[in-house]
Amino acid sequence: MVLLHVLFEHAVGYALLALKEVEEISLLLPQVEECVLNLGKFHNVVRLVAFCPFSSSQVALENANAVSEGVVHEDLRLLLETYLPSKKKKVLLGVGDPKIGAAIQEELGYNCQTGGVIAEVLRGVRLHFHNLVKGLTDLSACKAQLGLGHSYSRAKVKFNVNRVDNMIIQSISLLDQLDKDINTFSMRVREWYGYHFPELVKIINDNATYCRLAQFIGNRRELNEEKLEKLEELTMDGAKAKAILDASRSSMGMDISAIDLINIESFSSRVVSLSEYRQSLHTYLRSKMSQVAPSLSALIGEAVGARLIAHAGSLTNLAKYPASTVQILGAEKALFRALKTRGNTPKYGLIFHSTFIGRAAAKNKGRISRYLANKCSIASRIDCFSEVPTSVFGEKLREQVEERLSFYETGEIPRKNLDVMKEAMVQAEEAAAEITRKLEKQEKKRLKKEKKRLAALAQASSENSSTPEECEETLEKPKKKKKLKPQETPQENGMEDPPVTLSKSKKKKAFPKEELASDTEEVATSSLSPPKRKKSSPKEEVASEPEEAASPVVPKKKRKFSDEPEAAASSTKSTKKKKKSQKASQED
């Protein structure tokens, strides 16, 4: 009996499931289809044989790309060869995607089946997958699906930044819109300023030049010979400048107020700025087309090539179109109208704006448009699928179109396509080699700069790691010196000794011997205390520093005590003088 296995691809890994011996006809019954929703009943039908989880998100992305492209990945090959029975004829493998099923059948030899019963079983597996695999929760499965979906979409959308054709599509659309807006606004300026100076419309045809002149002239009565040189710069024609000056003197226009002139000048300045932006946008479009589609732009021009890309949707879509579609691209309405009315189909679409069709005779327009569409399709494919963009092929294709145009007019036989393409291949190889050399030089310069930057960073980090220790050592030494200095200074030149010496000098002059003796004893006791601190250990010195720093009030108190004997001495002097004067009076 053939065993039916089902392969299920999930964001977390591959799962291989086996269906128990159930008839295929019974699986299609509505009762059996309803039991898929019930987990208990579903377990009776399907059992998990093997589960191969992905090791990382990158591996999951690789497997997802392989499955979408119909390629058998090594992880999938290992899972099937390990867990499927060795007798391949007795195994039937159910898969959801026919492409991967065909690849498995071709490479591994297993019979694959899609649709019908397999779709119902896969629906149940997808519903109950987090219950079938141990350790997998519904939340983690949803997170894995979300992460893989984002990475898969990002990988599909990721293109080369320099070759993105979306910018070309937006630029050419904006360019066409700007042309319409500038024409509309210029007509408004012509009508508005024409009330004051109607003759200027007939002299100047260009819209941007007319707006610049309206902004410069203002009131036509103020136009004189001094402004003639500026008029010549704006019109770039001396005869037109002279005609404008003559027309301003004999104009039939009405007078205009100052506020109306201000509004006209401001609006014309807006139109001038729009036209200048249009020129810069056209330059940007030319540079972008030379990067994205150099061959197509060299063949048919930047504007027409950009319109073809925009109408097709992308350069890849344009490369997929046949030459017959490229020929009538842009004339779809005329084509369907001709098919409906059974009239003549259009001969050309957007490629009509190229110079080749305009130069051809009326009877040759259809022939040259068909030939040009053929070359355009070749150029678009070269631009889309070539690794190194070059304009060599576009120039050679342009030469072929020129030769064909001259053949229609003069009958001169053009060169063969094979010879032209051989020449183009040789020149393209040389151009590609030169471009690769330039890119290699730029890469080497970039690597050198990167190495220098990394070396500088490493050196700076090593210096930063060594300097903190040195800084700590250098900072510790001055701290110790600073701590010792305030300890030595109060002993030698502090606030304690000077009051003592002063009091001694004063006491010698005015105090009796008994008071001097008592004072000297006090001074001796005070002077003996610092030497005791000197004999103490350096640890005690460090500990006593904050105490000494916090007690600068002590010398002030000693000063107060040293001042008290002076007051007492002055009082004793006065009493002695009084006693002497009393004795002297008694003796007399």
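Calculation notes
Residues numbered from 1 in each chain as written. Predicted model: local features only at pLDDT ≥ 70, side-chain atom pairs only at ≥ 80, totals over all residues. Heavy atoms only, no water. Buried < 20%, exposed > 50% of the residue type's maximum accessible area, 1.4 Å probe, protein only. Helix = DSSP H or I, 4+ residues; strand = E, 2+ residues; numbered from the N terminus. Arc of directions from axis to C-beta. Contact = heavy atoms within 4.5 Å. Salt bridge = Lys/Arg side-chain N within 4 Å of Asp/Glu carboxyl O. Patch = residues over 30% accessible without salt bridge, like charges linked within 9 Å, V, L, I, M, F, W, Y side chains within 5 Å. Areas by Shrake-Rupley, 256 points an atom, 1.4 Å probe, with all protein chains shown as cover. Lys, Arg positive; Asp, Glu negative; His and termini not counted. Charge placed at Lys NZ, Arg CZ, Asp CG, Glu CD. Core = buried A, V, L, I, M, F, W, Y, C linked by side-chain atoms within 4.5 Å. Expected span 1.5 Å × (residues − 1). Pairing = 2+ DSSP bridges. Axes fitted to C-alpha atoms, helices over the stretch in contact; angles between N-to-C directions.

A. Broad picture of helix H12 (residues 228-235). Leu228, Leu231 and Thr235 are the residues of H12 that are buried. Viewed end-on, H12 has its buried residues packed into an arc of 55 degrees, placing them on one side of the element. Those residues of H12 that are exposed and angled more than 90 degrees off the buried face are Glu229 and Glu233. Packed against the buried residues of H12 are helix H11 (207-217) and helix H13 (238-249). Directly after H12, the chain includes methionine 236, whose backbone phi takes a positive value near 55 degrees.

B. Expanded view of the pattern of salt bridges. Counted under the stated rule, the structure contains 19 salt bridges. For arginine 221, the salt bridge goes to aspartate 255, with nearest N and O atoms at 2.8 Å. One end of the pair, arginine 221, is in the loop between H11 and H12; the other, aspartate 255, is in the loop between H13 and helix H14 (258-292), with 34 residues separating them in the sequence. For arginine 221, a relative accessible area of 57% gives the class exposed.

C. Here's a closer look at the environment of valine 49. Topologically, valine 49 is positioned in strand S3 (residues 46-53). The exposure class assigned to valine 49 is partly exposed, which follows from its relative accessible area of 28%. Note: C-alpha distance between valine 49 and leucine 19 (30 residues apart in sequence) is 9.8 Å. Residues within four places of valine 49 in sequence aside, it is in contact with His5, Leu16, Leu17, Ala18 and Tyr83.

D. Unusual backbone geometry, seen in detail. Phi at methionine 236 takes a positive value of approximately 55 degrees, unusual for a residue other than glycine. Position of methionine 236 among the secondary structure elements: in the loop between H12 and H13. A residue is classified by how much of its surface remains accessible, and methionine 236, at 74% relative accessible area, is exposed. Phi is positive for arginine 342, which is not a glycine, with a value near 60 degrees. Secondary-structure assignment places arginine 342 in the loop between helix H19 (332-341) and helix H20 (355-359).

E. Inspection of a positive patch on the surface at higher detail. On the surface, Arg437, Lys441, Lys444, Lys445, Lys448, Lys449, Lys451 and Lys452 cluster together into a positively charged patch. Within the secondary structure, lysine 441 sits in helix H23 (residues 417-493). Judged by relative accessible area, lysine 441 falls into the exposed class, the value being 57%.

F. Seen up close, the nonpolar core. Core analysis: the biggest nonpolar cluster contains 39 residues, and Leu296, Leu299, Ile300, Ile309, Leu318 and Leu372 have the highest contact counts within it. Listing elements by their share of this core, those giving two or more residues are helix H9 (166-194), H14, helix H15 (294-300), helix H16 (302-312), helix H17 (315-320), H20, helix H21 (365-385) and helix H22 (392-410). In terms of residues, this core owes the most to one element, H21, which gives seven residues. The contacts of isoleucine 300, once residues within four sequence positions are left out, are Gly305, Leu308, Ile351, Ser354, Leu372, Cys376 and Arg398. Leu16, Val59, Leu61 and Leu84 belong to the second-largest nonpolar core, a separate cluster that totals 24 residues.

G. Examining H14 more closely. With 35 residues, H14 ought to run about 51 Å at 1.5 Å a step, and its terminal C-alpha atoms sit 51 Å apart, in line with that. Looking at H14, one finds that the buried residues are Leu261, Ile264, Ser268, Val271, Val272, Ser275, Leu281, Leu285, Lys288, Met289 and Val292.

H. Seen up close, the sheet that holds strand S2 (residues 13-19). Read from one edge of the open sheet, five strands run S3-S2-S1-S4-S5, paired in mixed fashion. Lying at the two open borders of the sheet, with one neighbouring strand each, are S3 and strand S5 (111-113). Neighbour to neighbour, the strand axes of the sheet diverge by 25 degrees on average, direction disregarded. With five bridges joining them, strand S1 (residues 3-9) and S2 adopt antiparallel strand pairing. Residue pairing in the sheet places leucine 7 in a bridge with leucine 16 of S2. Sheet strands touched by helix H7 (residues 117-132): S1, S2, S3, strand S4 (91-94) and S5. Its angle to S1, the strand with the most contacts, is close to 60 degrees.

I. Up close: a nonpolar patch on the surface. A surface patch of nonpolar side chains, about 330 Å² in accessible area, is lined by Trp192, Tyr195 and Met254. Within the secondary structure, methionine 254 is located in the loop between H13 and H14. Given a relative accessible area of 49%, methionine 254 falls into the partly exposed group.

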